[in-house]
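# Architecture at a glance
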There are 2 protein chains.
Amino acid sequence: MRIAMLGAGNVATHLSKALINAGFPVAQVWSRNIENAVDLASQIGANSIAKIEEVSTDIDIVILAVADDAIAEISNRLPINADRVVLHTSGSTAIDTLNKHQKFGVLYPLQTFSKNTDLDFSQIPLCIEANDDDTLNQLNLIANRLSNNVVFVNSDSRMRLHIAAVFACNFSNYFFGIAQDLMSGAQLNFDLIRPLIQETASKAMEKKPVDVQTGPAKRNDQNTIKKHLELLESEPTLKELYALLSQNIVKKYSES
Amino acid sequence: MRIAMLGAGNVATHLSKALINAGFPVAQVWSRNIENAVDLASQIGANSIAKIEEVSTDIDIVILAVADDAIAEISNRLPINADRVVLHTSGSTAIDTLNKHQKFGVLYPLQTFSKNTDLDFSQIPLCIEANDDDTLNQLNLIANRLSNNVVFVNSDSRMRLHIAAVFACNFSNYFFGIAQDLMSGAQLNFDLIRPLIQETASKAMEKKPVDVQTGPAKRNDQNTIKKHLELLESEPTLKELYALLSQNIVKKYSES
């Protein structure tokens, strides 16, 4: 089993290392920026290639871990090879984007990857999909060597899952950043709020978030909401967010 | 040192138990709902009282752990006693709400409390404030026996901190709930996204959230944002939130 990795960003890097640890050598690395390809290739003992057309004929699996809007173009430039499986790693790109090829699928790791942050890949949920049963079985075998948490998810559900991830991860982190900014404005160290963030996540590990909502909006405490909106008068972006979120939460919990 | 606890909700319960563990007996418990007072009193070996006026003259510290909009009224009903310290535990209530008394202050625990969730109180940040130095010193001594994380925060900064907590905890949990709802709509188990939530919080423990933002809006990936908004067409509340948050994130990161 020989693998070529197209892309050298966060997902390509974490996935390449996990593949090697699981006994699947990554033989070739391509990236639009050749320096990134050389860098990743040197880290994992692979060869870097300058052109997509240089993907070797003996490569069994080609993984496109690239920006979503580059997947179609790169898939189209990749030479057809009937024995090869072509995969992408995107949450919101339909499997059919790869349908120029004969065997294709999706390996979507549901996690937030950052440079210089080590992750235990075996704990990362991998969502897989393939265009036929043989390819799905092959992908399933590989995925199960990488992670203990492999699920079959079709393209429609995967996009819904990606949106869920944007709310749960990206938008939440944005709110942690708002907290950071509000606190520096009052000369308060961000450390002060870290236990609260940790506990908020810990509660979501054991309970359903919908069942453990707290705060002024949950209590429909309009006095406190009003005071907060007054203090945010000089920061219209935050005021608008605070008002909209509070209104939604009040509505959700007063109806139930 | 004898303490009376006015209130029998989540904060009153967790704080009473922490006080007792730290060697400060809670002698009396009052609650608007006498059954709740009896219940908490029996858990902590205190006496329940039916009226605020029954707070004993030998009580040194009275803690108002009640709903924000009840603090003023309860403070006014509480008999004046020159030697006594009167405290509230609210994030967004000014210390002056208690200024009918001679010695008064605030003990605000920055944490989310739920029934049936045990917390290590020694790790909870306690924000304290008092109307004079003697009272502050007394409060500081008690707070330091309860927690390793005691900070002086005045009423203005405390309200700002409370707003930060609403974003970081209440609004984030609401987004975890949106993820939960989106996933059940696709028959996906919420377990699938729990590692992502945990990792999002873990990153905030070590890094500044503003520096580790990820996702389509951070990358200004308008194709993905557009696909997500299309999928959310039938859920206008979520679509509005997604659009507003994405727009704010794009703006924040394209400016920097």
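Our subject is the structure listed above.
Below or above, wherever it landed, is the structure these notes cover. Here the residue numbers are simple positions, counted from 1 along each chain's written sequence. Here chains are named by letter from A upward and ligands by number from 1 upward, in the order in which they appear as written. Reporting in this predicted model follows two pLDDT cut-offs: at least 70 for local features of residues, and 80 or more for side-chain atom pairs to be given and counted; totals over whole chains, interfaces and linings ignore these cut-offs and use all residues. Values reported for side chains reflect all heavy atoms of the structure, with hydrogen atoms and water molecules removed beforehand.

## Quick word on the overall build of chain A
Note the following rule: Labels follow the DSSP assignment, with helices taken as runs of H or I lasting at least four residues and strands as runs of E lasting at least two, numbered in each case from the N terminus. Every residue pair with non-hydrogen atoms within 4.5 Å of one another is taken to be in contact. Under the convention used here, a 1.4 Å probe and the Shrake-Rupley method define accessible areas, while residue burial counts only the protein chains that appear. Only four residue types enter the tally: Lys and Arg on the positive side, Asp and Glu on the negative side; His and the chain ends are excluded. Positions of charges follow a simple convention, taking NZ of Lys, CZ of Arg, CG of Asp or CD of Glu.
What chain A contains, in helices and strands, is eight helices and eight strands. Taking contacts inside chain A between residues at least 6 apart in sequence as the whole, the part at least 24 apart equals 54%. Surface accessibility of chain A: about 10,700 Å² in total, with carbon and sulfur atoms responsible for 45%. Each charge class in chain A was averaged separately, 23 positive and 29 negative side chains, and the resulting centres sit 5 Å apart.

## Considering empty space enclosed by the protein
Worth spelling out the cut-off: We place a 1 Å grid over just the protein atoms. Points where a 1.4 Å probe fits but has no way out form a cavity, open points with protein on both sides within 12 Å along at least 5 of 7 lines form a pocket, and any residue with an atom within 4 Å of a point lines it. Grid points are joined across faces, edges and corners, and a volume is the space filled by probe spheres set on the points.
Counted according to the given criterion, the structure contains four cavities of 30 Å³ or more. Forming the boundary of the largest cavity are Val166(A), Asn170(A), Phe171(A), Gln213(B), Thr214(B), Gly215(B), Pro216(B), Ala217(B), Lys218(B), Tyr242(B), Ser246(B) and Ile249(B). For the lining of the largest cavity, the secondary structure elements donating two or more residues are helix 5 (155–185) of chain A together with helix 8 (236–255) of chain B.

## Thoughts on helix 2 (residues 34–44) of chain B
Residues and elements named next belong to chain B. Selection rule: Exposed residues in this analysis have more than 50% of their type's maximum accessible area, buried residues have under 20%, and partly exposed residues fall in between, with area computed by a 1.4 Å probe over protein chains only. Of all possible arcs, the one meant is that of the directions from the helix axis to the C-beta atoms. N or O atoms within 3.5 Å of each other form a polar contact, as long as, within protein, one can give a hydrogen and the other can take it, and as long as residues adjacent in sequence are counted only when both atoms are side-chain atoms.
Within helix 2 the residues assigned to the buried category are Ala37, Leu40, Ala41 and Ile44. The arc that holds the buried residues of helix 2, viewed along the axis, is 100°, so those residues lie on one side. Pointing more than 90 degrees away from the buried face of helix 2 are the exposed residues Glu35 and Ser42. Summarising the contacts, the buried residues of helix 2 are in contact with helix 1 (10–21), strand 2 (26–30) and strand 3 (47–49). Its side-chain oxygen at 2.9 Å from the backbone nitrogen of glutamate 35, asparagine 33 defines the N-terminal cap of helix 2. Directly after helix 2, the chain includes glycine 45, whose backbone phi takes a positive value near 70°.

## Some details on the interface of chain A and chain B
What counts, and what does not: Buried area: the accessible surface (1.4 Å probe) lost by two parts on joining, summed over both. Every case where a carboxyl oxygen of Asp or Glu lies within 4 Å of a side-chain nitrogen of Lys or Arg is listed as a salt bridge. Following the grouping adopted for this structure description, the nonpolar residues are Ala, Val, Leu, Ile, Met, Phe, Trp, Tyr, Cys and Pro, the charged ones are Asp, Glu, Lys and Arg, and the polar ones are all others, Gly among them.
With 92 residues of chain A at the interface, the matching set in chain B holds 91 residues. Buried surface at the junction of chain A and chain B, summed over both partners, amounts to about 8,600 Å²; 66% is from carbon and sulfur atoms. Its largest share of buried area at the contact with chain B, chain A owes to Arg160(A), Phe167(A) and Leu192(A), together 9% of the area lost on that side. At the boundary of chain A with chain B, the tally comes to four salt bridges. For the pair chain A and chain B, the number of links is 38 residue pairs in polar contact (both at pLDDT 80 or more). At the level of secondary structure, the elements contributing two or more residues to the side of chain A that touches chain B comprise helix 5, helix 6 (194–206), helix 7 (222–231) and helix 8 (236–255) of chain A. Broken down by element, the residue count for the side of chain A that touches chain B peaks at 28 residues, all from helix 5 of chain A. Classifying every residue of the side of chain A that touches chain B by side-chain character gives 47 nonpolar, 28 polar and 17 charged.

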